[in-house]
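Structural features, examined
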Amino acid sequence: MQQGQLRESDYDHERFEERVWKLARDRDIGRRRFFELVGLASAGGFLTGCGRLDAPANSTTTTGTPAAPSPWVKPIPEDKFIIHKTNAEMRWEQMRGRGYATPNELFFIRNHTKTVRIDRGSWRLRVQGSGVARPLDLGYDELVKLGQTTVTRFVECAGNGRVFFGEAQGHKAEGSPWRLGAIGVAQWTGVPLGAVLERAGVKPTARDVMPVGLDELMVRRPMPLAKAMADDTLLVYGMNGEDLPPDHGAPVRALVPGWVGAANVKWVGKVEVSEQPLFSDWNTTSYVLLGPGYQPQGPAKGPVLTTVGVKSALELPWPATMTPGYQTVSGRSWSATGRIHQVKYRVDDGPWRPAQLKTPNEPAVWTQWSFDWDAIPGSHALRARATDDQGNTQPDTWPFNQQGYLYGAVVAHPVMVA
Ligand SMILES: Nc1nc2c(c(=O)[nH]1)N[C@H]1C(S)=C(S)[C@@H](COP(=O)(O)O)O[C@H]1N2
Ligand SMILES: [Mo]
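Numbers given for residues are sequential positions, taken from 1 along each chain in its written order. All chains are assigned letters beginning at A, and all ligands numbers beginning at 1, according to the order in which they are written. Confidence filtering applies because this is a predicted model: local features only for residues at pLDDT of at least 70, side-chain atom pairs given and counted only at 80 or more, and all residues used for totals across whole chains, interfaces and linings. Calculation of side-chain values draws on the structure's entire complement of heavy atoms; hydrogens and water are dropped beforehand.

A word on the site of ligand 1
Residues in close proximity to ligand 1 total 20 residues, the closest being Phe108, His112, Asp215, Arg253 and Lys266. Any pair of N or O atoms that falls within 3.5 Å is considered a polar contact. Within protein, one atom must be able to donate a hydrogen and the other to accept it, and sequence-neighbouring residues count only if both atoms are side-chain atoms. Within the backbone of Arg110, one N or O atom sits 3.0 Å away from an oxygen atom of ligand 1. Asp215 is positioned with one of its side-chain polar atoms (N or O) 2.5 Å from a nitrogen atom of ligand 1. Per-residue accessibility takes into account occlusion by the displayed protein chains alone, with areas from the Shrake-Rupley method and a 1.4 Å probe. Protein chains shield 100% of the accessible area of ligand 1, which is 530 Å² for the free molecule. Think of it this way: one heavy atom of a residue within 4 Å of a molecule or strand is enough to make that residue near it.

A word on the side chain of His248
One can find His248 in the loop between β10 (242-243) and β11 (253-255). Side-chain polar atoms of His248 contact the side chain of Lys74, separated by 2.9 Å. We call two residues contacting when some pair of their heavy atoms lies within 4.5 Å. Once residues within four sequence positions are removed from consideration, His248 is found in contact with Lys74, Asn104, Phe107, Phe108, Ile109, Met239, Arg253 and Lys266. Only DSSP runs of H or I covering at least 4 residues are called helices, and only runs of E covering at least 2 are called strands; the numbering of each starts at the N terminus.

Observations regarding the pattern of salt bridges
Here a salt bridge means any side-chain nitrogen of Lys or Arg lying within 4 Å of a carboxyl oxygen belonging to Asp or Glu. Throughout the structure, instances matching the rule amount to twelve salt bridges. The residue Lys270 makes a salt bridge to Glu272 at a minimum N-O spacing of 3.5 Å. Residue Lys270 is classed as buried on the basis of its relative accessible area of 2%. Overall, Glu272 belongs to the buried group, its relative accessible area being 5%. Connected through shared salt-bridge partners, Arg124, Arg126, Asp137 and Glu142 make up one network. Between buried and exposed lies partly exposed: a residue is buried under 20% and exposed over 50% of the maximum accessible area for its type, with that area taken using a 1.4 Å probe on protein chains only.

Description of the pairing of strand β5 (residues 149-156)
Judged by how many residues are buried, β5 sits mostly within the fold: six of eight residues are covered. As defined by bridge partners, β5 adjoins strand β6 (residues 183-192) across eight bridges and the pair is classed as antiparallel. Each residue of the ladder has a partner; that of Thr149, found in β6, is Gly190. In this scheme, strands are said to pair when DSSP sees at least two bridges between them.

What follows is the structure in structure tokens.
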């Protein structure tokens, strides 16, 4: 990639390419054909310059029709995942009886386009921009030498729970109809982003830090310097004791704890550090609140999302079926802002009763819980409501926003007992 692409005009150029590429994809024009048509050498140069791609970003047939390659690398069996186009939602019943973390094979995948396979040996990380005194260009081994920190944190898509805007509140939102399976907890191992920024001579005047993905759309989202310097904001290369898998951003992804999933940029090839506020599609057009009552904020079309809230899910199929009699019902609740303090459950219109919390119960991760239920034949609704130690609790309804983000209300889980 050319140094010149740091210039604002080149940035705009990149963004223009993205827009045109989106239009092209909507019209079923493949990537190769697209670049032939528009004759853009730089985008191809960007990809080859930032690490060899093992597979073409999108393959086309001779007629120019996309060959529709799989958007994922790992197996996505139907009993473990629900597919939403290029995304794979975890089936919650799969978490029952499991340990604290989500196994890599079960972890949900959210791809704006598709998993890109990057050769670790030729991968480079550039750290550059007006906010650093010494731009860096590091290989994988050099990066790994800069530190090894392991933290347990969740990554949750901002759209998790989106389907309930329509199903529970009668006002359907745009986007993938996730239920509650767009979340996973892992032990992430990586280099603190702050350590990398310090190596690059980050200036006190630096303002925004933006990891840039090497996927087709170059997914990127800025964060303020303070968040980038937090101890648990990492450039991750390990997940649950294994090398970071391709679908989750190999060789290196960003972990930005508590923030919407989109901030956790996968396949990072560059970190832009700027003395000026940075903007991308992902903090101006998507991951902003749109709809009645929301006003534009500068270049953003609405209030920009940062953290996710408090939620709960039952480890049951949707809808669930059970046999009558005593059952142990289990679930998990999570909060980006604290430790789960209490979870209450309710059967149909009955009283709210406390569920039994398990350990570990780490702050800003999730907590496993269970309750015993004497299931009576018929159709029922089970509800769980979590409260964290900051006093944040799940309400009964959630204010609408057009793109269906952050749904955090209590969910009625349908259960048929027969
Ligand atoms: N480069 C890149 N990073 C990305 C995405 C993407 O499409 N491309 N998706 C984002 C979104 S919206 C989410 S919710 C998380 C999902 O991480 P996962 O696929 O590892 O579960 O990755 C984020 N990082
Ligand atoms: Mo997301």
